[in-house]
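Spelled out, the chains give:
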Amino acid sequence: MADRPLIGISTYLESSARWGVWDLAAALVPAGYPRMVQQAGGLAAMLPPDAPEHAPEAVARLDGLVIAGGPDVDPARYGAERDPRTGPPAHARDTWELALIDAALAAGTPLLGICRGMQLLNIAVGGTLVQHLDGHTEAPGVFGRHPVKPVPGTRYAAIVAEETAVPTYHHQALDRLGTGLVPCAHAADGTVEAVELPGPHWVLGVQWHPEMGEDPRVMRALVTAAAAS
């Protein structure tokens, strides 16, 4: 690509992070996200939580957007009571990332939701989540792998036509799909592992973590869509 598209990546705030001699509050995201954007031909821009009213201005300066993985979404966001196994809320991040998603959908900006990002996409268009399921997390802090099978005829199947083993780390999943979302990949147990919005705008969510694997096709597809837009 002659001009690399600018891809924003949502980040999160930690009250304590250590590097060198420092232990300070930090805005961060695992390095796999910007690295994969760069390897796919994009320029990576980090987006720390901000006031939600600033999301349209931020998205307007981007060619594409990645909503990164992370902690559980507050069940109040989709009208559910908290399951005891749901993690503590991250209110500022929920608010900011939902505002980014809304802005991207309104602007037609190519959007990729990863793990939590896919779940937030579903919530943004009226869907709900299963707050706990077994078998999709290897161990605390350890990514597992399991196969996902694409749904023929979908955007995802055009990107990855075959069944593949993907890096996974989640204990929640989509329940009721939001308005317009179409499943485009499933795990062997039937869990929806990817969704998309059909139509002219590029919108895809994947439940796994491509930034922790070696297959660049999903990120490359986002960067290609961002360059075209």
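Residues numbered from 1 in each chain as written. Predicted model: local features only at pLDDT ≥ 70, side-chain atom pairs only at ≥ 80, totals over all residues. Heavy atoms only, no water.

(A) Summary view of the overall build of the protein chain. Helix and strand content of the protein chain: 6 helices and 13 strands. Its C-alpha radius of gyration of 17 Å places the protein chain within 12% of the 17 Å reference for a compact globule of 229 residues. Counting only C-alpha atoms, the protein chain reaches 50 × 50 × 35 Å along its principal axes. Residues counted as buried form 53% of the 229 residues belonging to the protein chain. Accessible surface for the protein chain amounts to roughly 10500 Å². Of this, 55% is attributable to carbon and sulfur atoms. (Helix = DSSP H or I, 4+ residues; strand = E, 2+ residues; numbered from the N terminus. Rg over C-alpha atoms; globule rule 2.2 N^0.38 Å. Buried < 20%, exposed > 50% of the residue type's maximum accessible area, 1.4 Å probe, protein only. Areas by Shrake-Rupley, 256 points an atom, 1.4 Å probe, with all protein chains shown as cover.)

(B) Region of interest: the side chain of Gln172. As for its placement among the helices and strands, Gln172 is situated in the loop between strand E9 (164-168) and strand E10 (173-174). At 3.2 Å, the side chain of Gln172 and the side chain of Thr86 are in polar contact. From its side chain, Gln172 meets the backbone oxygen of Gln131 in a polar contact 3.0 Å long. Once residues within four sequence positions are removed from consideration, Gln172 is found in contact with Asp72, Val73, Thr86, Gln119, Leu129, Val130, Gln131, His132, Leu133 and Gln207. (Polar contact = N/O pair within 3.5 Å; in protein donor to acceptor, adjacent residues only side chain to side chain. Contact = heavy atoms within 4.5 Å.)

(C) Inspection of the sheet that holds strand E11 (residues 182-187) at higher detail. With mixed pairing, 9 strands are arranged side by side in an open sheet as E4-E1-E5-E6-E13-E12-E11-E8-E9. Looking along the sheet, the strands with just one partner apiece sit at the ends: strand E4 (43-47) and E9. The average angle at which neighbouring strand axes cross in this sheet is 25°, direction not considered. Looking at chain direction, strand E1 (residues 6-10) and strand E5 (residues 64-67) are connected through 3 bridges and run parallel. Its bridge partner being in E5, Gly8 is matched across the sheet by Leu65. Packed on one face of the sheet, helix H4 (residues 116-124) meets E5, strand E6 (111-114), strand E12 (192-196) and strand E13 (203-206) and runs near 115° to E6. Sheet contacts for helix H6 (residues 217-228): E1, E5, E6, E9 and E13; angle to E6, the most-contacted strand, approximately 155°. (Pairing = 2+ DSSP bridges. Axes fitted to C-alpha atoms, helices over the stretch in contact; angles between N-to-C directions.)

(D) How the structure looks around the packing of aromatic side chains. Here the structure, examined in full by the defined rule, presents 2 aromatic pairs. Here Phe143 and Tyr169 contribute two aromatic rings whose centre-to-centre distance is 5.6 Å and whose plane-to-plane angle is 55°, an arrangement assigned as tilted. One end of the pair, Phe143, is in the loop between strand E7 (129-130) and strand E8 (144-150); the other, Tyr169, is in the loop between E9 and E10, with 26 residues separating them in the sequence. The class for Phe143 is partly exposed, based on a relative accessible area of 35%. (Phe/Tyr/Trp six-rings, centres within 6.5 Å; stacked < 30°, edge-to-face > 60°.)

(E) The pairing of E13, seen in detail. On E13, burial covers both faces: Val203 and Gly205 on one face and Leu204 and Val206 on the other are all buried. Direction of pairing for E6 relative to E13: parallel, over a ladder of 4 bridges. Residue pairing across strands places Gly113 opposite Gly205, the latter belonging to E13. With 3 bridges joining them, E12 and E13 adopt antiparallel strand pairing. The residue of E13 that forms the bridge with Ala194 is Val206. What sits between the antiparallel neighbours E12 and E13 is a turn of 6 residues, in which Gly199 has the positive phi angle 130°.

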